[in-house]
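# Breakdown of the fold
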Amino acid sequence: MPDLVAVLLFVGVVAYGLLGGADFGAGFWDLTGGGAVRGRAPRHLIDASLSPVWEANHTWLIYCLVMLWSGFPAAFTAITTTLYIPLGAAALGVVLRGAGFAFRHASMRTPEQRAFGAAFALASVLTPFCFGAIAGGIASGRVPADGGGAPVGSWLNPTSVLGGVLAVLVCAYLAAVYLFVVAARAGDERLEHYFRDRALLSGAVTGAVSIAGIFVLRQDAGRLFHELSHRALPLVVLAAVAGVTSLVLVRARRTAGVRAGAGAAVALVLLGWGVAQYPYLLGTHLTIDAAAAPTATLWVQIGVVIAAGVLILPSLVVLFRLAGRDHLQAEADNATH
């Protein structure tokens with residue numbers, strides 16, 4: 001039963017990585033888009049792509065938090081009493097990012113639009129870095145089972161910095177691939193080339209940092225490195241194959257299957273981390289069974305997940321299907337203007 005709840009929790013982590021991660025990555029390209037003139041077209045495409053769905057993607061963050069504190073309260077307590085600084089910064093980033101994105105659309109003056117746009121873009125980089133640093137602190141065993149770990153060293157360490165940098169890069173890569181497909185299907189060759197180049201660059205940089213990260217993990221997180229290079233190795237290899245395949249498709253300007261390849265690469269990396277971490281929830285000292293809530297609570301939690309899936313997942317599917325249609329895209333464009 002605890003393992004099943006842990007799997008359901010990790011489903012939310014993967015979903016948030018693929019959907020919320022692409023949103024954060026779009027903010028990264030908004031930040032690096034250049035001045036008002038040079039960056040107008042890319043930012044317009046980003047706004048039009050995010051507007052219909054950006055709040056829905058954070059549903060998965062709420063899902064993960066509820067699953068963690070309900071299913072594994074001991075782990076939730078340990079994480080929040082140790083990693084409260086990056087958690088607070090990430091929460092602030094989510095709020096500032098949403099407010100900046102919304103108020104930029106509603107503002108009529110250029111200075112106000114720039115200020116809100118800067119808040120949106122900077123928070124889009126801060127938040128995934130914090131989430132990656134939190135994952136690094138957990139994976140490297142720096143969160144004690146009883147909580148109250150080092151408030152700074154738990155998330156400012158080699159593994160956490162690696163996790164934060166990789167999170168930002170992966171989000172940028174996902175967003176560039178998704179936006180490349182949107183531009184290509186819209187027939188905008190200039191933006192297609194624009195995001196194609198950025199997808200190739202971010203993918204290459206992400207791969208290079210991942211390879212360098214092997215040496216970081218070997219020195220700083222021995223068990224994680226060992227499990228990634230043994231039990232989780234097939235998933236790591238498949239992730240590399242999927243990532244390279246997506247970059248080849250992008251380079252060839254093929255849109256069919258490219259988003260699936262990029263998403264598979266990211267999902268397989270996250271799954272590899274989960275397999276390498278098992279059976280521990282925190283580093284090497286708190287197992288899933290030891291951290292789990294009573295069985296009755298877990299049964300109720302599974303029932304709630306099933307009910308929520310029946311009620312919410314169809315709505316999300318409809319939302320994303322509508323967001324891909326031309327008439328909803330045109331409405332987003334008009335709202336942006």
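Above this text you will find the structure in question.
What you see is a predicted model; the values in this text were computed from it and never measured. (Residues numbered from 1 in each chain as written. Predicted model: local features only at pLDDT ≥ 70, side-chain atom pairs only at ≥ 80, totals over all residues. Heavy atoms only, no water.)

## Digging into the overall build of the chain
What the chain contains, in helices and strands, is 14 helices and 2 strands. A principal-axis box enclosing the C-alpha atoms of the chain has dimensions of 55 × 40 × 35 Å. Here the chain holds 337 residues, and 45% of them are scored as buried. Restricting to contacts in the chain with at least 6 residues of sequence separation, those with at least 24 account for 80%. Looking at the chain as shown, the accessible area adds up to about 15700 Å², and 70% of this sits on carbon and sulfur atoms. Averaging the positions of the 21 positive and the 17 negative side-chain charges in the chain gives two centres separated by 7 Å. (Helix = DSSP H or I, 4+ residues; strand = E, 2+ residues; numbered from the N terminus. Buried < 20%, exposed > 50% of the residue type's maximum accessible area, 1.4 Å probe, protein only. Contact = heavy atoms within 4.5 Å. Areas by Shrake-Rupley, 256 points an atom, 1.4 Å probe, with all protein chains shown as cover. Lys, Arg positive; Asp, Glu negative; His and termini not counted. Charge placed at Lys NZ, Arg CZ, Asp CG, Glu CD.)

## Quick word on the packing of aromatic side chains
By convention here, two paired aromatic rings are described through the distance between centres and the angle between planes. Within this structure, the stated rule accounts for 9 aromatic pairs. Ring geometry for F10 versus W273: centroids 5.8 Å apart, planes at 55 degrees, classification tilted. In this pair, F10 sits in helix α1 (residues 2-31) while W273 sits in helix α11 (residues 258-277), placing the two residues 263 residues apart along the sequence. Members of the aromatic cluster, connected to one another through ring pairs, are Y16, F24 and F131. The side chain of R198 reaches across the aromatic face of Y194, ending 3.5 Å from its centre. (Phe/Tyr/Trp six-rings, centres within 6.5 Å; stacked < 30°, edge-to-face > 60°. Lys NZ or Arg CZ within 6 Å of the ring centre and 35° of its normal.)

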